[in-house]
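Chain by chain, the residues:
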There are 2 protein chains.
Amino acid sequence: MKAKSAHSSPKPRADSIRNRERLLVAATKIFSADTGHASLEAVARQAGVGIGTLYRHFPTRETLFEAVYRHEVEQLFALAEKLSRGGDPAESLRKWLNANVRLVATKKGMVEALQLVTHGSSELKNYSFERLTAAIAMLLDRGVAAGVFRSDVSPEELLRALVGIFYSQAAEKWQPGALRLVNVLVDGLCRSTGARVPRRSLRRRGTQ
Amino acid sequence: MKAKSAHSSPKPRADSIRNRERLLVAATKIFSADTGHASLEAVARQAGVGIGTLYRHFPTRETLFEAVYRHEVEQLFALAEKLSRGGDPAESLRKWLNANVRLVATKKGMVEALQLVTHGSSELKNYSFERLTAAIAMLLDRGVAAGVFRSDVSPEELLRALVGIFYSQAAEKWQPGALRLVNVLVDGLCRSTGARVPRRSLRRRGTQ
DNA sequence: TGACAAACGGAGGGTACCTCCGTATAACTA
DNA sequence: TAGTTATACGGAGGTACCCTCCGTTTGTCA
């Protein structure tokens, strides 16, 4: 007899996995592009599956949102992993932060997404907080070890600063401001240890 | 010849005015009651007018939202006027603040409303800021004049505190906390001048 | 009271939501 | 490889909502 105990997950079929993946990709695209109110049928169309399939995988709009969000957090984590494997620590951190800004910037339907995170399951909140903190930690630790970053800023603090930057700038045309602040942040991290600051990040500074 | 210059508004018909009023009332009710996504057809039904009439008065969902919001700000202002005409200043202020809490509490569809205020026309933002500040000023000045309130808190500051209370508590079951904070606020205003503090507001205090 | 601009109502065409069930197929067995 | 079956798929269809358009009604003014 096959090991098919009542409680272990019975391993989904290959097409099921594939379709789930497609839906996630499609949803990411549609949600980003559209102005806030994307239709689920559009997502299904984009994914090349029937509407029924969408609903089987994601019974409610929220589950789909949540999955997309999770997926993006995972990708950010993966990027951090990759970036922290080599290259200048300050540049790596800057790149990762920029990726964050860009991600948020393309989220036209972000309003709903943000609501989800703010009012949604605390499980999801915890997950993303933990994951993003870990991502930042990876990037940060390397720089600290190399003596490039000051050592008195924790990953949690940095994450909060990041959220603050996004939140406070939640107006039109916020991206330039956010990017500038991100640069300030990285510069600040570097400078106060007396470490060499990458030239690029100094360019914008005037007198003062 | 009738004064009907090309630019002055040609004075709307009586039924037009009446229907607009009805729609506003209906919308307030529906938006408050419903869970975030009220249908415009429901509003029209509730108002007892045809859907076409709704669209003629409020071409988009946003215009309707905005009108409702304006209307409520006006009512808050009127309430402040009434309250500041007599009675204990502290009690008046408390009543007004409580009205605020209750108003926000019934706004299930508040999420959208808040979005409107945050991202909407700055004209509307200015209007409500000005109106609410004026309302608070009325209530505050009287108490200051009577020596019941401390005099070093401006209406603007109080308004900001209020917004902060609402915003920070934007979770489930926030109303008790918000009401408590409002009480703390009023008590604080009174206490620090050495003025008598209404008994009610002390009741909740335990040791410490 | 008559004439007409202004306002009304709601039918209708289009889209999106979500369910349900007949059909297809991946996975496993002999 | 063929047969079997649980699993997953697709999309038709009923409902609700959006918004426009236009024939009808009504307030207003002379």
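In case you missed it, the structure is sitting above this.
The rules we used
Residues numbered from 1 in each chain as written. Chains lettered and ligands numbered in written order. Predicted model: local features only at pLDDT ≥ 70, side-chain atom pairs only at ≥ 80, totals over all residues. Heavy atoms only, no water. Helix = DSSP H or I, 4+ residues; strand = E, 2+ residues; numbered from the N terminus. Buried < 20%, exposed > 50% of the residue type's maximum accessible area, 1.4 Å probe, protein only. Contact = heavy atoms within 4.5 Å. Near = heavy atom within 4 Å. Polar contact = N/O pair within 3.5 Å; in protein donor to acceptor, adjacent residues only side chain to side chain. Nonpolar A, V, L, I, M, F, W, Y, C, P; charged D, E, K, R; others polar. Salt bridge = Lys/Arg side-chain N within 4 Å of Asp/Glu carboxyl O. Axes fitted to C-alpha atoms, helices over the stretch in contact; angles between N-to-C directions. Parallel < 35°, antiparallel > 145°, perpendicular 65-115°, else oblique.

S.K.: Where do I start with the overall build of chain A in this structure?
M.R.: Summing up its helical and strand segments, chain A has 9 helices and 0 strands in all. For chain A, the sequential pattern of α-helices and β-strands runs α-α-α-α-α-α-α-α-α. Here chain A holds 208 residues, and 39% of them are scored as buried. Of the contacts formed within chain A by residues at least 6 apart in sequence, a portion of 68% connects residues at least 24 apart.

S.K.: Help me understand the protein's contact with DNA strand C, please; the structure alone is not making it clear to me.
M.R.: Taken together, the neighbourhood of DNA strand C is formed by 21 residues, with R61 of chain A together with R13, N19, T53 and R56 of chain B sitting nearest. A breakdown of the atoms of DNA strand C within 4 Å of the protein gives sugar and phosphate a share of 61%. Measuring from a phosphate oxygen of DNA strand C, one finds a side-chain N or O atom of R56 of chain B at 2.4 Å. Listing elements by their share of the surface near DNA strand C, those giving two or more residues are helix 1 (14-33), helix 2 (40-47) and helix 3 (51-57) of chain A together with helix 1 (14-33) and helix 3 (51-57) of chain B. Of the residues forming the surface near DNA strand C, the biggest block, 5 residues, is contributed by helix 3 of chain B. Grouping the constituent residues of the surface near DNA strand C by class yields 7 nonpolar, 7 polar and 7 charged.

S.K.: Teacher, can you tell me more about the environment of R131 of chain B here?
M.R.: Residues and elements named next belong to chain B. Mapped onto the fold, R131 is located in helix 7 (residues 122-145). Since its relative accessible area comes to 23%, R131 is described here as partly exposed. Considered as a pair, R131 and A78 are 53 residues apart in the sequence and their alpha carbons are 10.0 Å apart. Once you skip the residues sitting within four places of it in the chain, R131 turns out to touch V73 and F77.

S.K.: Please explain the pattern of salt bridges as it appears in this structure.
M.R.: For the structure on display, the rule yields 14 salt bridges over all chains. Between R70 of chain B and E66 of chain B there is a salt bridge, and its shortest N-O distance comes to 3.0 Å. Of this pair, R70 of chain B and E66 of chain B are both found in helix 4 (residues 61-83), 4 residues apart, which corresponds to roughly one turn of the helix. Take E66 of chain B: its relative accessible area is 21%, and that puts it in the partly exposed class. The shortest N-O distance in the salt bridge between R94 of chain B and E91 of chain B comes to 3.6 Å. One end of the pair, R94 of chain B, and the other, E91 of chain B, are both in helix 5 (residues 89-105), 3 residues apart, so they sit about a helical turn from each other. A single burial state applies to R94 of chain B and to E91 of chain B, both of which are buried. Put simply, E66, R70 and E123 of chain A are held in one network by salt bridges that share partners.

S.K.: Help me out: how do you make sense of the protein's contact with DNA strand D in this one?
M.R.: Neighbouring DNA strand D are 22 residues; R13, N19, T53 and R56 of chain A together with R61 of chain B lie closest to it. At the protein interface, 61% of the atoms of DNA strand D within 4 Å belong to sugar or phosphate. Taken together, the elements giving at least two residues each to the surface near DNA strand D come down to helix 1 and helix 3 of chain A together with helix 1, helix 2 (40-47) and helix 3 of chain B. When the residues that make up the surface near DNA strand D are grouped by side-chain class, the tally is 7 nonpolar, 7 polar and 8 charged.

S.K.: For this particular structure, what's the right way to read the packing of helix 1 of chain A against helix 4 (residues 61-83) of chain A?
M.R.: The description of two packed helices rests on the angle between their axes and on the distance between the axes. All names here are of chain A. Following both chains from N to C, one finds helix 1 and helix 4 inclined at 90 degrees, their axes separated by 10 Å at the closest point. Classed by the angle they form, the pair helix 1 and helix 4 counts as roughly perpendicular. Here R20, E21, L24, A27, T28 and F31 of helix 1 come into contact with helix 4, specifically with L64, F65, A67, V68, H71 and E72. Considered class by class, the residues forming the contact of helix 1 with helix 4 number 7 nonpolar, 2 polar and 3 charged.

S.K.: Explanation requested: helix 2 of chain A in the structure shown.
M.R.: Every α-helix winds through 3.6 residues per turn, so residues three or four apart in the chain are directed the same way. Residue and element names in this part refer to chain A. Taken residue by residue, helix 2 has L40, A42, V43, A44 and A47 as its buried positions. Next to the buried residues of helix 2 lie helix 1, helix 3 and helix 4. At the exit of helix 2 stands G48, carrying a positive phi of roughly 75 degrees.

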